[in-house]
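Residues per chain, in single letters:
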There are 2 protein chains.
Amino acid sequence: PAEQPRLAAVDWGTSSFRLWLVGAGGTVLAERRAAEGMQAVPPGGFEAVLRGHLAAVGVEATDAPLPVVLCGMVGARQGWREAAYADCPADPAALAAAALRFDLPGLDLAILPGVARRDADRPDVMRGEETQLAGLLALEPDYAGVVVLPGTHAKWATVAGGRIADFRTVMTGELHALLAGHSILRHSIGDARPSGDPASPGFRAGLARGLADPAALAGEIFALRAGDLLFARHGAEVADRLSGLLIGAEVGAMLAGVAKGAAIGLVAAGPLAGLYRAAFVAAGRPARDLDADVLVRAGLIAAAGRLWPD
Amino acid sequence: PAEQPRLAAVDWGTSSFRLWLVGAGGTVLAERRAAEGMQAVPPGGFEAVLRGHLAAVGVEATDAPLPVVLCGMVGARQGWREAAYADCPADPAALAAAALRFDLPGLDLAILPGVARRDADRPDVMRGEETQLAGLLALEPDYAGVVVLPGTHAKWATVAGGRIADFRTVMTGELHALLAGHSILRHSIGDARPSGDPASPGFRAGLARGLADPAALAGEIFALRAGDLLFARHGAEVADRLSGLLIGAEVGAMLAGVAKGAAIGLVAAGPLAGLYRAAFVAAGRPARDLDADVLVRAGLIAAAGRLWPD
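Per-chain numbering applies: the sequence of each chain, read as written, is numbered from 1 onward. A letter from A marks each chain and a number from 1 marks each ligand, given out in the order of writing. Only residues with pLDDT of at least 70 get local features here, since the model is predicted, and only at 80 or more are side-chain atom pairs given and counted; chain-wide, interface and lining totals rely on the full set of residues. Remark: hydrogens and water are excluded; side-chain values derive from all non-hydrogen atoms of the structure.

## Topic: the overall build of chain A
Put simply, the rule reads: Working definition: helices are DSSP H or I runs of at least four residues, strands are E runs of at least two. Numbering for both runs from the N terminus. Exposure is judged per residue with a 1.4 Å probe applied to protein chains only, and the accessible area is read against the type maximum: over 50% gives exposed, under 20% gives buried, and values in between give partly exposed. Residue contacts are defined here by distance: any two heavy atoms, one from each residue, within 4.5 Å place the two residues in contact. Here the open area of atoms and residues is found with the Shrake-Rupley method and a 1.4 Å probe, where only the protein chains shown may cover a residue. Neither His nor the chain ends is counted toward charge; the positive residues are Lys and Arg and the negative residues Asp and Glu. Where a charge lies is defined by one atom per residue type: Lys uses NZ, Arg uses CZ, Asp uses CG and Glu uses CD.
Within chain A one finds 10 helices and 14 strands. Along the three orthogonal principal directions, the C-alpha set of chain A runs to about 70 × 40 × 40 Å. Looking at chain A as a whole, 56% of its 310 residues are labelled buried. Counting only contacts in chain A whose residues sit at least 6 apart along the sequence, the fraction spanning at least 24 positions is 66%. Summed over all atoms, the accessible surface of chain A reaches about 12600 Å², with 52% contributed by carbon and sulfur. Counting 28 positive and 33 negative side-chain charges, chain A places the centres of these two groups 4 Å from one another.

Below, the structure written as structure tokens:
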């Protein structure tokens, strides 16, 4: 007979769903990936979506409830059930201890909390990334350095002493979408998409501008429009320049606060990975690639080990 | 009989129309203000709108065509007729010489050009503001310093040696509209509007953050959202904080390039005037108020003096 699952580990974000069925010793028995992020779940539909994925990997109701550990926006106020933020600094044990636990027929559920920086001058929140960071600490307990997680709301976390010491969110991805789609730049970009190629001349030009003077961002954005008016640049080139500019400004501004010689880990997939990698090289601070799936799975499994000790 | 008009001076922007009927010696005989900016003019409708305003101030077709000098977005590609950009640095004589001239029955028209900074690394354009700056030079030929013109696309110009020596556009106003209306901040701001009060706690808090670290702007914007999530701030307070943050980041970043002791002129009206005034005071560089209407009228009349010498 197939190996009996010990738990299900679920990373449930705004726009994606990933489930791993885990056996003894952390073996992955099965995996599910779907675009059924929170945004695609109908009101009240979380349980049914989860049960559908569990059934698809052969989990059936049994006498012993299956432990299910979840992280991500599924625990936000607008998610399934709200798992209140844990305070920063936060270590993996504290995160597991703060999980929101509840039962459903055949399921023993725990939603891991996000992390909040409760500083009135510089408040910040993350939800989902903390589990990736906890996974990094599960795999490398002595990790000390910065971890960068690009995206709509990019996170820069400082990990040291076995905990998430501090973090900052930079809304680079959201700014890109706003500017390309809704600002005056839409007249220059049109339907063009960024190439995603770190070697493209537009990306390299924008990156250099952003790295050189991050504080000039709001001026450099207008210069993209002026450059099109004066030099009739192609929409695709303007899109690449915008991408380079925003990533360069983020990396340039944030590296100013990173100690020389500190390790930099980069958790990115798809085109963003190459673009950020190029940005760190251009800034003279190469980053080490970390795998988001590996990290989040390790973080979920480590939390489960604390929540359901054998 | 009423004094005979010598010319009409028209400032025709994207969202506003102003006309002055000018007599001998620059006397203002009549004035028209309307919200019929370019955006409100139907295709092909510029001549009719202009004639309507001229008729309203008693101008009728005569044997001697009336000189009409215009500036602003009316001369953009998407305006009435395109007046090509003059190159920066630009002096008022060069701007007048580059005017686009054409005739209509009873009207001798000249649309003043915008100014372009044709630098592939940092291109920039202005259209309308150059005439205000030319007006400043008409009133104060020896002016030397910076002139700041806040707005959707705020301009920072360096005026010296009787010319517009350099300038930079910062899209503070457009960023404010995008962020308040289309970003994740809309969930925190809702229908609230910024108070426009430079003494409001939200504006002051945002201003301090923006001035302190302009390069952190894309992080500080997310902190506004996090601050609402963690501290349940009112929408109006978030709106004020956003306003302060963006103005502070603009003023902080741009002042870094302004020489100590350089004169700073501020051309702003309505709530923006008070907000920017407060920003310059907070930065330790008080600005001198300049009146946009006075400047643009002086710039138009000075250009007319060059275009139609007696």
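Now that the structure has been shown, the text picks up again.
## What about the confidence of the model for chain A?
Spelled out, the test is: Within a predicted model, pLDDT stands for the predictor's per-residue confidence, ranging from 0 to 100.
Overall, the prediction assigns chain A a mean pLDDT of 95, with 98% of residues at 70 or greater. Among the scores for the predicted complex, ipTM is 0.94 and pTM is 0.95.

## A look at the sheet that holds strand β7 (residues 107-111) of chain B
Residues and elements named next belong to chain B. Where we set the bar: Paired strands, in this sense, are two strands between which DSSP finds at least two bridges. Throughout, an axis means a line fitted to C-alpha atoms (over the contacting stretch in the case of helices), and angles, computed between N-to-C directions, take values from 0 to 180 degrees.
On the basis of which strands lie adjacent, the open sheet formed by 6 strands has the order β3-β2-β1-β4-β7-β6 and mixed pairing. Strands at the two margins of the open sheet, each flanked by one partner only, are β3 (28-34) and β6 (100-104). In this sheet, adjacent strand axes meet at a mean angle of 15 degrees when their direction is disregarded.

## Comments concerning the environment of A223 of chain A
Residue and element names in this part refer to chain A. In this fold, A223 is placed in helix α7 (residues 217-231). Note on A223: relative accessible area 5%, which makes it buried. Taking the C-alpha atoms as reference, A223 lies 9.8 Å from L185; in sequence the two are 38 residues apart.

## Side note on the nonpolar core
Soluble globular proteins: nonpolar side chains tend toward being buried together. Stated formally: We define a nonpolar core as any set of buried Ala, Val, Leu, Ile, Met, Phe, Trp, Tyr and Cys residues linked to one another through side-chain atoms lying within 4.5 Å.
Counting residues in hydrophobic clusters, the biggest one holds 83 residues, and the most contacted among them are W156, L179 and F280 of chain A together with W156 and L179 of chain B. Residue contacts for L179 of chain A: discarding those within four places in its chain leaves L185, R186, I221, L242 and L246 of chain A together with M171, L175 and L178 of chain B.

## Some thoughts on the relation of the copies chain B and chain A
Counted only if it meets this: The atoms used to superpose the copies are C-alpha atoms, taken from residues with pLDDT of at least 70 in both, and the fit is least squares.
Overlaying chain B on chain A yields an RMSD of 0.0 Å, the required transformation being a rotation through 180 degrees with an accompanying axial translation of 0.0 Å. Here the symmetry operator amounts to a two-fold rotation axis. The C-alpha atom lying nearest the rotation axis in chain B is that of A215 of chain B; the distance is 1.9 Å.

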